[in-house]
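The primary structure of each chain is shown beneath.
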Amino acid sequence: MAKIAHKWTHRNSVGHGMNDSEYPAEIATTQVTLSKNFDMMPDGRLESRGGSQKTSASATAASETIHLEYEYRSVAAGVITRHHMVFAGTRLLKYDPSAKTYSEIDTGLEGIKPGVATFRDDSGVDAMYYCDGKVFKFYDGTGVTNVLTNFQAGAATGIPKHLVVKHERLWASGGTNEHIRVFYSPVAYAEQNLGANDYVTIGGGDEAITGLSEVSDFPLVTTEDGIYIIRGRAGSSADPYVVIKVYEDEGCSSHHSIVPQGGDVYWGNVNGAFIGKLRAAVEDGLDVQKISGPMQNAWDNIKAGQHSNIHGVYFPPKQQIYWVVESAAATADPDTLLVYSISRSNPDLDGPTHGADIRFVWSGKWDYAVAITSIGMVRDSNAIPNLYLGSTDGFSRE
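Rules used in this analysis
- Residues numbered from 1 in each chain as written.
- Predicted model: local features only at pLDDT ≥ 70, side-chain atom pairs only at ≥ 80, totals over all residues.
- Heavy atoms only, no water.
- Helix = DSSP H or I, 4+ residues; strand = E, 2+ residues; numbered from the N terminus.
- Rg over C-alpha atoms; globule rule 2.2 N^0.38 Å.
- Buried < 20%, exposed > 50% of the residue type's maximum accessible area, 1.4 Å probe, protein only.
- Contact = heavy atoms within 4.5 Å.
- Areas by Shrake-Rupley, 256 points an atom, 1.4 Å probe, with all protein chains shown as cover.
- Lys, Arg positive; Asp, Glu negative; His and termini not counted.
- Charge placed at Lys NZ, Arg CZ, Asp CG, Glu CD.
- Phe/Tyr/Trp six-rings, centres within 6.5 Å; stacked < 30°, edge-to-face > 60°.
- Lys NZ or Arg CZ within 6 Å of the ring centre and 35° of its normal.
- Disulfide = S-S within 2.5 Å.
- Polar contact = N/O pair within 3.5 Å; in protein donor to acceptor, adjacent residues only side chain to side chain.
- Core = buried A, V, L, I, M, F, W, Y, C linked by side-chain atoms within 4.5 Å.
- Pairing = 2+ DSSP bridges.

A.B. asks: Which residues make up the overall build of the protein chain, and what values go with them?
C.D. replies: When helices and strands are counted, the protein chain shows 2 helices and 32 strands. Taking 2.2 N^0.38 as the reference for a compact globule, 398 residues should give roughly 21 Å; the C-alpha atoms of the protein chain span a radius of gyration of 21 Å, in line with that estimate. Principal-axis analysis of the C-alpha atoms gives the protein chain an extent of 65 × 50 × 40 Å. The 398 residues of the protein chain split such that 53% are buried. Within the protein chain, counting contacts between residues at least 6 apart in sequence, those at least 24 apart form 52% of the total. Total accessible area on the protein chain is roughly 16800 Å²; 47% of this is exposed by carbon and sulfur atoms. Seen as two clouds, the 33 positive and the 47 negative side-chain charges of the protein chain have centres 6 Å apart.

Written out as structure tokens, the structure reads:
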């Protein structure tokens with residue numbers, strides 16, 4: 001008989017996690033039909049996630065939505081400083097874990113999830129760059145600098161929404177006027193003016209970029225209909241950047257759903273969750289597998305039109321990916337976490353010809369009484385990772 005996780009801890013008999021299939025023949029004896037508010041431990045135990053608590057006594061502001069929490073790490077003279085940055089409402093804040101208070105860093109943002117990346121320039125200064133279709137700036141720990149004029153000095157006319165750092169360049173995409181272009185900065189000079197030709201074009205012009213990340217050693221670009229990588233290092237006539245479509249059967253709906261981990265990349269779209277692996281010794285193909293099979297009913301229950309808002313993060317202590325989604329029953333905001341165990345999954349195995357597929361292990365789902373508008377992993381001063389959930393009430397919960 002299929003089991004339901006309902007105690008604080010389940011032992012190895014449920015080491016293959018949750019399977020919400022309606023067909024008993026597709027559920028293994030080592031799976032449960034419902035696992036709510038559990039984590040899958042690396043040794044195969046399902047363990048209650050425990051509770052969460054507010055990180056401050058007061059909200060960032062009344063009814064202010066937290067969009068993103070980000071760990072901005074800077075290194076100076078061999079000393080690592082970790083800044084807990086919070087994008088809330090139309091503001092950028094910094095959280096002080098000792099005082100449990102927030103200080104305002106910037107205002108006038110668009111009020112959506114921004115693209116964020118930390119970039120080290122040639123002088124050894126680490127700065128956090130952020131953009132949201134309205135602003136393009138960086139924060140270096142002391143002040144904010146506007147780099148939009150520099151970005152638009154070349155061919156760019158819009159304002160980007162997605163960022164990633166690769167090969168000592170800052171890559172930007174998602175601008176309102178450049179839906180098929182990815183721009184790149186000079187090497188180690190993200191704040192310098194872009195040249196007229198400092199971009200690559202994705203697809204044939206009939207697709208719009210939905211995400212920007214990395215896989216293995218390459219920048220990765222997604223559209224609704226495909227996955228691309230950018231080859232090359234110098235971006236010169238002798239070593240030009242080349243855009244290669246490595247997968248065309250499934251694209252990505254949300255930039256923030258993309259989670260690079262261990263040289264592979266994970267993402268979500270309207271059909272489910274996926275893992276992509278670059279083929280060994282070949283850079284023109286991505287082996288893609290759908291990993292959401294055991295949780296397909298839960299994935300199919302994501303509210304129509306909300307797949308572009310899926311937000312994922314990898315949490316090292318549990319070796320899991322947490323995807324925030326809005327279920328069909330939600331009134332206005334995301335309300336559910338779908339939790340995938342990397343440590344317990346075996347995507348390299350061949351799938352079964354029939355019966356249960358235990359290659360992809362899901363811890364289950366977390367339900368919340370409050371909206372979950374963001375999820376982020378931030379390390380404390382001792383480098384211990386912590387998971388933070390933001391909401392519409394101006395509070396972050398740990």
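A.B. asks: Give a detailed account of unusual backbone geometry, specifying residues and quantitative values.
C.D. replies: A positive phi is found at Ser 216, a non-glycine position, where the angle reads about 55°. Mapped onto the elements, Ser 216 comes out in the loop between β18 (209–215) and β19 (218–223). Using a relative accessible area of 41% as the deciding quantity, one classes Ser 216 as partly exposed. With a phi close to 50°, Gln 319 is a non-glycine residue in the positive phi region. Locating Gln 319 in the fold gives a position in the loop between β26 (311–315) and β27 (320–325). Judged by relative accessible area, which is 31%, Gln 319 ranks as partly exposed.

A.B. asks: Lay out the packing of aromatic side chains in plain terms, naming residues and giving numbers.
C.D. replies: Following the criterion strictly, the structure yields 20 aromatic pairs and no others. Seen from their ring centres, Tyr 322 and Trp 366 are 5.2 Å apart, and the 65° between their planes marks the pair as edge-to-face. With Tyr 322 in strand β27 and Trp 366 in strand β29 (residues 361–367), this residue pair connects regions lying 44 residues apart in the sequence. Classification of Tyr 322 by relative accessible area gives buried; the value is 1%. The exposure class assigned to Trp 366 is buried, which follows from its relative accessible area of 6%. Cluster of aromatic residues (ring-pair linked, three or more members): Phe 119, Tyr 129, Phe 136, Phe 138, Phe 151, Phe 183 and Tyr 199. Positioned over the ring face of Tyr 199 is Arg 181, at 4.1 Å from the centre of the ring.

A.B. asks: Residues and numbers for the state of the cysteines, please.
C.D. replies: Two cysteines whose sulfur atoms are joined by a covalent bond form what is called a disulfide. According to the stated counting rule, one finds 0 disulfides in the structure shown. With no disulfide partner, Cys 131 has as its closest neighbouring cysteine sulfur the one in Cys 252, 16 Å distant.

A.B. asks: I'd like to hear about the environment of Arg 359, residue by residue, with values.
C.D. replies: Looking at the element boundaries, Arg 359 is found in the loop between β28 (336–341) and β29. Separated by 68 residues in the primary sequence, Arg 359 and Ile 291 place their C-alpha atoms 8.3 Å from one another. Residues within four places of Arg 359 in sequence aside, it is in contact with Gln 289, Ser 345, Asn 346, Pro 347, Leu 349, Asp 350, Gly 351 and Pro 352. Among the polar contacts listed, one links the side chain of Arg 359 to the backbone oxygen of Leu 349, at a separation of 3.3 Å.

A.B. asks: Explain the nonpolar core to me, and be specific about the residues and the numbers.
C.D. replies: The biggest cluster of nonpolar side chains holds 25 residues, and the ones touching the most others in it are Tyr 266, Ile 291, Trp 299, Trp 323, Leu 338, Tyr 340 and Trp 362. At the level of elements, β4 (38–40), β24 (272–278), α2 (296–300), β27, β28 and β29 are the ones that each hand at least two residues to this core. Broken down by element, this core gets its largest block of residues, 3 residues, from β27. With residues near it in sequence (within four places) discarded, Ile 291 still touches Tyr 266, Ala 273, Phe 274, Ile 275, Trp 323, Tyr 340, Phe 360 and Trp 362. Listed in part, the 18 residues of the second largest apolar core include Ala 117, Val 147, Leu 148 and Phe 151.

A.B. asks: Go over the pairing of strand β9 (residues 101–106) with me, naming the residues and quoting the values.
C.D. replies: Sheet topology note: the strand β8 (residues 91–96)/β9 ladder contains 5 bridges and is antiparallel. Along β9, the bridge assignment pairs Lys 94 with Ser 103. Hairpin geometry of β8 and β9 is characterised by an intervening segment of 4 residues between the two adjacent antiparallel strands and by a positive phi of about 55° at Lys 100.

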